[in-house]
Structure formats: structure tokens, C-alpha cells
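Overview (structure and organization)
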Amino acid sequence: MNITVEPQPWTPERIEEVRQAFEGHKSWTAPGLVEVTEYVQQGVFNRITVDAEPVGFYVLFAWKHRGTVEAEISHVHVRTEFDAVRHILPVIERQCAEADALTVTTRRRGLIKKLQQQGYAIEGVILRKRGKKRDSAA
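Just so it is clear, the structure is predicted and the values come from calculations on it, not from any experiment. (Residues numbered from 1 in each chain as written. Predicted model: local features only at pLDDT ≥ 70, side-chain atom pairs only at ≥ 80, totals over all residues. Heavy atoms only, no water.)

Attention shifts here to the overall build of the protein. Check the secondary structure of the protein and you find five helices and seven strands. Starting at the N terminus and ending at the C terminus, the protein contains elements arranged as β-α-β-β-α-β-β-β-α-α-β-α. Here the protein holds 138 residues, and 31% of them are scored as buried. Put simply, of all contacts in the protein between residues at least 6 apart along the chain, 53% involve residues at least 24 apart. Looking at the protein as shown, the accessible area adds up to about 9900 Å², and 49% of this sits on carbon and sulfur atoms. (Helix = DSSP H or I, 4+ residues; strand = E, 2+ residues; numbered from the N terminus. Buried < 20%, exposed > 50% of the residue type's maximum accessible area, 1.4 Å probe, protein only. Contact = heavy atoms within 4.5 Å. Areas by Shrake-Rupley, 256 points an atom, 1.4 Å probe, with all protein chains shown as cover.)

This is how it looks when you write it as C-alpha cells:
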């Protein structure tokens, strides 16, 4: 099995692909909640292929702070018959080898467990109290 990740420039088609995959989701930024398509364009779109067939994408951010670089895997959308964490994550980790840290944000308990088995640790918790609307920040 040959797994590759290829950084690709943002195009209207890729923006639409992300919008469809994450329709209805918002992304948290320092100024507040924004539409996913606004946020992801600050990062690098990466196409994931298995044996030359596209199976998904993710957005990679590089945050610089006090002389360190932290890579963040964001907005992952993958469809495979195999365990993506076990097989694709090592490829992404090699891509980010020069970073001082690699971050994944998720609330999926199964993914958290798999990431912990790969050496990742929980370093924060987000608490939110919603208003009367489901998306109270909109």
C-alpha cells in the first residue's frame, strides 16, 4: 500500500470540497467563530492518496511562537477501509518532522484513544455553555 500526502494550492473546487465535508461546522479563531472555508485557507490543503487513488484531505497549519513551530492537523476528511490513524498518521508525522510539536484537535473519543496509543497526550480541554440557539456564537 503506497500512501502519499501532497500539498496543493487552494482552488474554488478545493474550497467547495472542504465546505461540503464540513457543512454546518464553524471554526474557532482568535476573533471568534468563522465559516470553515474562511479558516482553512490560512493553512495548506493536503490531498491524501492510497495507491494513486484520492481518499481524502486535511489542512495543515504551522504556528510559530517564541522560536518554535507547532504543526496542527485540521479538518481531516478521509474514507478508507483501513485504520487511517495507524497507516496515514505516520506519513503526516514525517511531513511534519521539522516541527517542534504536532497537534490534533478532536472530540471523538475513539480517535483520542487511538492517538494516545500513538504517543499523543491530552493537553487541554474546551468548555462551552451554549445559549438558546444551537450555534449561540452565530
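On we go.
Moving on to the side chain of E72. Mapped onto the elements of the fold, E72 is located in strand β6 (residues 68-78). Here the side chain of E72 touches W63 through a polar contact of 2.7 Å, side chain to side chain. Beyond its immediate chain neighbours, meaning those up to four positions away, E72 contacts Y39, V59, L60, F61, W63, L102, T103 and T105. (Polar contact = N/O pair within 3.5 Å; in protein donor to acceptor, adjacent residues only side chain to side chain.)

Our next topic: the pattern of salt bridges. Considering all chains together, one arrives at four salt bridges under this definition. Between R19 and E16 there is a salt bridge; the shortest N-O distance is 2.5 Å. Of the two residues, R19 and E16 both sit in helix α1 (residues 12-21), three residues apart, roughly one turn of that helix. You can call R19 partly exposed: its relative accessible area is 33%. Linking K114 and D83 is a salt bridge whose minimum nitrogen-to-oxygen distance equals 3.5 Å. (Salt bridge = Lys/Arg side-chain N within 4 Å of Asp/Glu carboxyl O.)

In this fold, T49 is placed in strand β4 (residues 44-50). Within the structure, the side chain of T49 is placed 2.3 Å from the side chain of T4, a separation counted as a polar contact. Filtering out sequence-adjacent residues up to four positions away, T49 remains in contact with N2, I3, T4, P54 and V55.

Looking now at the packing of aromatic side chains. Within this structure, the stated rule accounts for five aromatic pairs. Taking the centre distance of 5.4 Å and the plane angle of 70 degrees together, the rings of W10 and F45 count as edge-to-face. You can see W10 sitting in the loop between β1 (3-8) and α1 and its partner F45 sitting in strand β4, a full 35 residues away along the chain. W10 gets classed as partly exposed once you look at its relative accessible area, which sits at 21%. Ring centres of F22 and F57 lie 6.4 Å apart, and the angle between their planes is 70 degrees; on these two criteria the pair is classed as edge-to-face. Linking F22 in the loop between α1 and β2 (26-29) with F57 in strand β5 (residues 53-65), this pair joins segments that are 35 residues apart in sequence. Across this residue pair, the class does not change: F22 and F57 are buried. Site record: aromatic cluster; members linked through ring pairs are W10, F22, F45 and F57. (Phe/Tyr/Trp six-rings, centres within 6.5 Å; stacked < 30°, edge-to-face > 60°.)

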